[in-house]
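Here's the letter readout for the chains.
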Amino acid sequence: MTLPTPEPNRLPYWLRRLWPIYCFLAALVTFGYALYDPYQIDGDAVSYMDIGDLIRAHNWHGIINGYWNPLYPAALSLGHTIFHSTRYNELHAYYMVNFGIFLLEMLAIVAFTDALVQLRELREDSKSLLPPFLLDRYTLRYLGVGILLISTQRELSMGKVRPDALLQAFLLLGLAALLKHLATSHLRYAALMGIALGLAYLTKSFAFLFTFLCIIALVVFRVAWQRYAVPRAVAAGLLALICFAIVAGPYIAALSNQRGRFDFGDSGNLNYAWFVSGTEKMHLQPDQTSSFGAAEVHLTHPNKILLKSPVVVSYKQLPYGTDPDWFDASFWNDRIKAHMDPRLQVPVTIACLVRILRYIANHPEAWLLLAVLFLIGARLRLDWRPRANAFWLTPILLGAGVFCIYSMVNVEDRYIAFGFLAMLLPAFAALRHSGKVPVSAQNAASAVVLLLALLAVGESARIVGELRRNLKVAQSPAGWYDPDTYGAARALNALGVGPGDTVACIGDRACLDTHYWARLAGVRILTEIYKPAETPVYSALADMPNRDQVIDIVRSQGGKVLVGYFTPGVMTGTNPVSAGWRELDSSPFYALPLNLPAAPSRDNSRP
């Protein structure tokens, strides 16, 4: 009697054949985001754009910045040049730069998952009695790109002109190179790790500390788990460090020379002082000892205070940036040294852990997928003993390190997206079958992962379609166009305020959160009337007993107008508070003329 021949397993074949098509679809829907994602510009984005302008102008002294690193602005500058952008359409170029970064992230995901699988296979003992791994190389690729698409829908959207996606790409490439070195022992991968992490540092100074964690992980894993000689492992670590220094060293040297001390970036120290030590963030003065918190403060060039009540500040000391106050926060807060205080640290860390749990809860797709795989028969056997196949250990510990570092200061979704990927993908790669299972059960696991990846593409396509329809309804020329911001800038230009001029501002909305109007108009904000964020601008002006004195002081600084963002309907022009203010193109932005030239005579009579 002849037994029927089992049908060949065709799913792995189709996963390989469909992979290029899936990558094309993922890139296509993300390109839709680059076209239709809405306006999301904030003060951070304007600072990066300003540094990009300095790069194009070859103003190297202005590029050296203790708070923002230069690689992402360099990418923005390249996009600006390629698309021949003007002030009024530059966001299109910057959205396209973000799309290019997404393609780099896709490449980094593939490199990372392939390196995971290679190390997993090489570490697996051929005599092992453990069941085989559940997910193959292509299935992990689909999973990684699918999760990346979900991040692009949320915390890493195309409309955020910020460096976090570029940082994630280089960190993933660095981690992939680390795993390739552990799998092959080739020193070139240790060198590539150093180069990738050097580029990550030039994107964001967080990578400086992460680089040393990676080098320590390389040496420890090689010695403790792979039983290599200590000198060989240390040599590979030193090679990675040298390559990192070659890439990052010139910028660190330039920054240290500018500051007169060793300095690889002050963003970490300042954020620790602001979020943990309780140091005042805005316009700190040497005599405000009660606002120092737990930090040691010896300011070298604080903001110049023109008036104490209300606080009126001049930014003429710093000759760069649309808003010098946020262009380089480390300039105004130089010589602030944060100190750790457990009493202050504990509540901050608890709050950060809550945000991490919220992030995990807001990304349920991966956990639901994991639950389904367990129902199919998957089992997670994480044996970390030196002789075991602990290929997952290094990336998961480094991913956990990302969470630990940020949980000491401040957690935002975009900060920890890389740590989430670094822990999640190795965990899925470590899944094994529960025992001898039919081919149909093996196929089911890959099919469920493929379904998640396709649903991510489908959801992105749905969102892009909805964004496009919204643009048509609003009759907006592009997703990046914001009628209030662009209208205010054009109205300022029509008033005779344009490139090369200086202005003043009042309120957090006009001065910090949404001051892209000033960049569009080509002006610099050199004077600010500071008010607490919770107080509406109109109320702050109405409650000023010395309002006329304040306006006179601001006028004396030479700015052409004072700009504020007001609640719609309050600026009627029928009372002393709103008298003289001009609405800027039906937007919430209003301008009070200060030093505008006299209007030309309308007498057109001929002699």
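Up top you'll find the structure we're talking about.
Residues numbered from 1 in each chain as written. Predicted model: local features only at pLDDT ≥ 70, side-chain atom pairs only at ≥ 80, totals over all residues. Heavy atoms only, no water.

### Regarding the overall build of the protein
Put simply, the rule reads: Under the DSSP-based scheme used, a helix requires at least four consecutive residues in state H or I and a strand at least two consecutive residues in state E, with every element numbered from the N terminus. C-alpha atoms define the radius of gyration in this analysis, and the globule rule sets the expected value at 2.2 Å times the number of residues to the power 0.38. We call a residue buried when its accessible area falls under 20% of the maximum for its residue type, exposed when it is over 50%, and partly exposed in between, using a 1.4 Å probe and counting protein chains only. Whether two residues touch is decided by their heavy atoms; if any such pair falls within 4.5 Å, the residues are in contact. Shrake-Rupley sampling with a 1.4 Å probe provides the accessible areas, and residues are treated as covered by the protein chains on show and by no other component. Neither His nor the chain ends contribute to the count of charged residues, in which Lys and Arg are positive and Asp and Glu negative. Each charge is placed at NZ for Lys, CZ for Arg, CG for Asp and CD for Glu.
Regarding its fold elements, the protein presents 23 helices and eleven strands. For 607 residues, the compact-globule estimate of 2.2 N^0.38 gives 25 Å, and the protein sits close to it at 28 Å. If one aligns the C-alpha atoms of the protein with their principal axes, the spans along those axes are about 115 × 55 × 45 Å. Taken over 607 residues, the protein has a buried fraction of 55%. The contacts in the protein between residues at least 6 apart in sequence include a share of 77% that link residues at least 24 apart. Carbon and sulfur atoms make up 62% of the accessible area of the protein, which amounts to about 26,600 Å² in all. If the 52 positive side-chain charges of the protein are averaged to one point and the 44 negative ones to another, these points end up 9 Å apart.

### Overview of the nonpolar core
Operational definition: Buried residues of nine kinds, namely Ala, Val, Leu, Ile, Met, Phe, Trp, Tyr and Cys, make up a nonpolar core once their side-chain atoms join them within 4.5 Å.
In terms of nonpolar packing, the biggest core is built from 185 residues, with Phe428 and Trp517 touching the most fellow members. Non-local contacts of tryptophan 517, meaning those with residues more than four positions away in its chain, are made with Thr485, Ala488, Ala489, Leu492, Val503, Cys505, Ala510, Val523, Ile525, Val563 and Phe589. Core analysis: the next-biggest nonpolar cluster, separate from the first, contains 20 residues, Leu541, Ile553, Phe566 and Trp581 among them.

### A short note on the packing of aromatic side chains
Formally: The criterion for an aromatic pair is that two Phe, Tyr or Trp rings (for Trp, the six-membered ring) have centres within 6.5 Å, with stacked assigned to planes under 30 degrees apart, edge-to-face to planes over 60 apart and tilted to the rest. Geometrically, a charge over a ring is one whose NZ (Lys) or CZ (Arg) sits within 6 Å of the ring centre while staying within 35 degrees of the ring normal.
Taken as a whole, this structure holds 39 aromatic pairs when the rule is applied. Plain terms: the ring middles of tryptophan 19 and tyrosine 142 are 5.1 Å apart, the flat faces sit at 80 degrees to each other, and that makes the pair edge-to-face. In this pair, tryptophan 19 sits in helix H1 (residues 11-36) while tyrosine 142 sits in helix H6 (residues 137-153), placing the two residues 123 residues apart along the sequence. Under the relative-accessibility criterion, tyrosine 142 is labelled buried at 2%. With centroids separated by 4.7 Å and ring planes inclined at 85 degrees, the aromatic side chains of tyrosine 67 and tryptophan 68 adopt a geometry described as edge-to-face. You'll find tyrosine 67 and tryptophan 68 in the same group, each marked buried. Ring-pair connections join several aromatic residues into one group, and the members of that group are Tyr39, Tyr88, Trp480, Tyr481, Tyr486 and Tyr516. Arginine 222 extends its terminal NZ or CZ atom over the ring of tyrosine 228, reaching a point 3.7 Å from the ring centre.

### Regarding the packing of helix H4 (residues 71-82) against helix H5 (residues 90-123)
Rule in force here: Only the stretch in contact is used when a helix axis is fitted, and all axes are lines through C-alpha atoms; the angle between N-to-C directions ranges over 0 to 180 degrees. Orientation is classified from the angle alone, with under 35 degrees giving roughly parallel, over 145 giving roughly antiparallel, 65 to 115 giving roughly perpendicular, and any other angle giving oblique. Crossing handedness is defined as follows: a turn of the near helix away from the far one that is anticlockwise and smaller than a right angle gives a left-handed crossing, while the clockwise case is right-handed.
It is at 8 Å that the axes of H4 and H5 come closest, and there the two elements cross at 120 degrees. Between H4 and H5, the angle is such that the two are oblique. Crossing geometry of H4 relative to H5 is assigned as right-handed. For the pair H4 and H5, contact is made by Tyr72, Ala75, Leu76, Gly79 and His80 and by Glu90, Ala93, Tyr94, Val97, Asn98 and Ile101, respectively.

### Describing the state of the cysteines
What counts is decided by this rule: Sulfur atoms of two cysteines make up a disulfide when they are within 2.5 Å.
Across all of its chains, the model carries one disulfide by this definition. Bridging cysteine 505 to cysteine 511, the disulfide has an S-S length of 2.1 Å. Where cysteine 505 bonds to cysteine 511 through sulfur, the torsion about that S-S bond is close to 130 degrees, and the disulfide is right-handed. The class of cysteine 511 is buried, set by a relative accessible area of 1%. Among the cysteines around cysteine 352, which has no disulfide bond, cysteine 404 carries the closest sulfur, lying 11 Å off. Of the residues examined, cysteine 352 reaches a relative accessible area of 0% and is grouped as buried.

### What about helix H11 (residues 267-277)?
The buried count for H11 comes to eight of eleven residues, which makes it a mostly enclosed element. Here H11 has its buried residues at Ser267, Leu270, Asn271, Tyr272, Ala273, Trp274, Val276 and Ser277. The inward-facing, buried residues of H11 abut helix H12 (324-327), helix H13 (329-332), strand E4 (336-337) and helix H14 (342-361). Backbone geometry just downstream of H11 places glycine 278 in the positive-phi region, at approximately 80 degrees.

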